[in-house]
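# Understanding the architecture of this molecule
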Amino acid sequence: MTRAMGAAMRRIHVGNALSAFGLGFTVPYLYVYVAQVRGLGAVTAGLVLAVFAVAALVVLPFAGRAIVRRGPLPVLVAALVTAALGALSLGLAGNAAAVLSAAAALGAGQAVMQPALATMIVDCSTAETRSRAFALQFFLQNLGLGVGGLIGGHLVDTTRASSFTLLFAIEAAMFLLLVVVVATVRMPHSPRVGDAPQGAAKGGWKQLMRNRAMVQLCVLGFVLFFACYGQFESGLSAYGVEAAGISTSALGTALAANTAMIVVAQFAVLKFVERRKRSRVIAAVGLIWAVAWVVAGYAGLGHGSQEMATAAFVSTYALFGLGEAMLSPTVAPLVADLAPTGLAGQYNSAFALVKQLALAVGPAVGGPMGASLHAPYIVTFLLFSLGISVLALRLGRQLTAAQDQPWSARNRVVARGGTAAEPVAAEA
């Protein structure tokens, strides 16, 4: 990595932390704000969450093409300005129409930030540094969300709408501050479609669909996000309250345990993960999450004391955090390594689209099951976790050595007296 790339990466990470810090101020309190503080009811609050997902699904297919054609920086700036306007409008909205319109703007902006930032990280990193860069991004995201949520909890007052307006104003300010930070980033020359071999630029989506490894990774990604992230604040929390008798304070402790595990374990597992095959790391995550669902089953279906049930439930969230820490330096770099020259933005947007689909479907399926069908809920998501391991091992058969285990492939090149190079994506 050159000095210019390192300087750009530092600013990207600072900006990423700022955006997560701003989101942390509002994400935990959005439902309460809409339903109770603004008095718009649970239905409108639910619609706001749905609008976030729909807005993301609408804009992400276009975001990839824009990143490829214009570069990630201008797309990120446009997304940040849109999100800032949406956040500020949400804090001032007093009726359902205004709340839903503001949520659409905020959701669209947030959704486009993800692939734009990911593409900037790809452009400012090499195969040697990419896993560590994405691990640091995930670490800062969780740290920023946690700190922002903690501070926001001390500022908010459900009896004063103005306190929520302050939170949304802080969120908007963080987005605009990120605009200032990224405006100072001098991006290194990154490959564009025009730099690719003849014909590589034609039909980005068609080319992606012909890439068998990327298609399998998208299927795997859907299951990952559906079976874990899509359950955190819906099915799993409903199951904990209804089946295990978990209090709201214990639920907060479980979420804190998840964040704490990520913060503590992220760099402890990084060296281990970097030297293993990516497909086997993902398969191991599936097994860890299967154990987490077994522990969750004990919490709600076992016959232990309430203290044991609470401890098991908190442990479930901690085990999920360990898996997340293993995935962050694995999945995102793999998406980048599968992308042909100049199409990293397209591939990042496609994977972000899959993530949003999973996050939209996950709560819709898991919420009702977790609340009422306790044993079937645990068995279903235990099987999904084992399915992650199977899909990951199947994906490994589609990957080249450089894509599945770049550290080992790089060392073999150096041992033969060559120089390490960026892995070339293979088209199936």
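Everything numeric here is computed off the predicted structure, so don't read it as measured data.

### Some points on the environment of Ala-20
On the secondary structure map, Ala-20 appears in helix α1 (residues 3-26). The sequence separation of Ala-20 and Glu-171 amounts to 151 residues, and the corresponding C-alpha distance is 9.1 Å. Contact partners of Ala-20, with chain neighbours within four places excluded, come to Leu-140, Gln-141, Gly-144 and Leu-145.

### Section: the environment of Gly-300
Within the fold, Gly-300 resides in helix α12 (residues 278-301). As for Gly-300 and Tyr-239, which are separated by 61 residues in sequence, their C-alpha atoms are 7.4 Å apart. Each residue touching Gly-300, except ones within four places of it in the same chain, is listed here: Tyr-239, Ala-243 and Ala-244.

### Overview of helix α16 (residues 374-396)
In this model, α16 (23 residues) spans 34 Å end to end at C-alpha, consistent with the 33 Å of a helix rising 1.5 Å per residue. Regarding α16, the residues found buried are Tyr-377, Ile-378, Phe-381, Ser-385, Ile-388, Ser-389, Ala-392, Leu-395 and Gly-396. Lining the buried residues of α16 we find α9 (212-227), α10 (235-242), α12, α14 (331-338), α15 (344-372) and α17 (401-404).

### Quick word on the side chain of Asn-16
By secondary structure assignment, the location of Asn-16 is in helix α1. The class of Asn-16 is buried, set by a relative accessible area of 2%. Not counting residues within four places of it along the chain, the set of residues in contact with Asn-16 comprises Leu-117, Gln-137, Leu-140, Gln-141 and Leu-178.

### Notes on the packing of aromatic side chains
Going through the model one piece at a time under the given rule, you end up with 16 aromatic pairs. Centroid distance Tyr-33 to Phe-168: 5.0 Å. Interplanar angle 55°. Geometry classified as tilted. A residue pair is termed long-range when its members are at least 10 positions apart, and Tyr-33 in helix α2 (residues 30-37) and Phe-168 in helix α7 (residues 161-183) qualify at 135 residues. Residue Tyr-33 shares its accessibility class with Phe-168, and that shared class is buried. Cluster of aromatic residues (ring-pair linked, three or more members): Phe-222, Phe-226, Tyr-239, Trp-289, Trp-293, Phe-320, Tyr-377, Phe-381 and Phe-384.

The rules behind these values
- Residues numbered from 1 in each chain as written.
- Predicted model: local features only at pLDDT ≥ 70, side-chain atom pairs only at ≥ 80, totals over all residues.
- Heavy atoms only, no water.
- Helix = DSSP H or I, 4+ residues; strand = E, 2+ residues; numbered from the N terminus.
- Contact = heavy atoms within 4.5 Å.
- Expected span 1.5 Å × (residues − 1).
- Buried < 20%, exposed > 50% of the residue type's maximum accessible area, 1.4 Å probe, protein only.
- Phe/Tyr/Trp six-rings, centres within 6.5 Å; stacked < 30°, edge-to-face > 60°.

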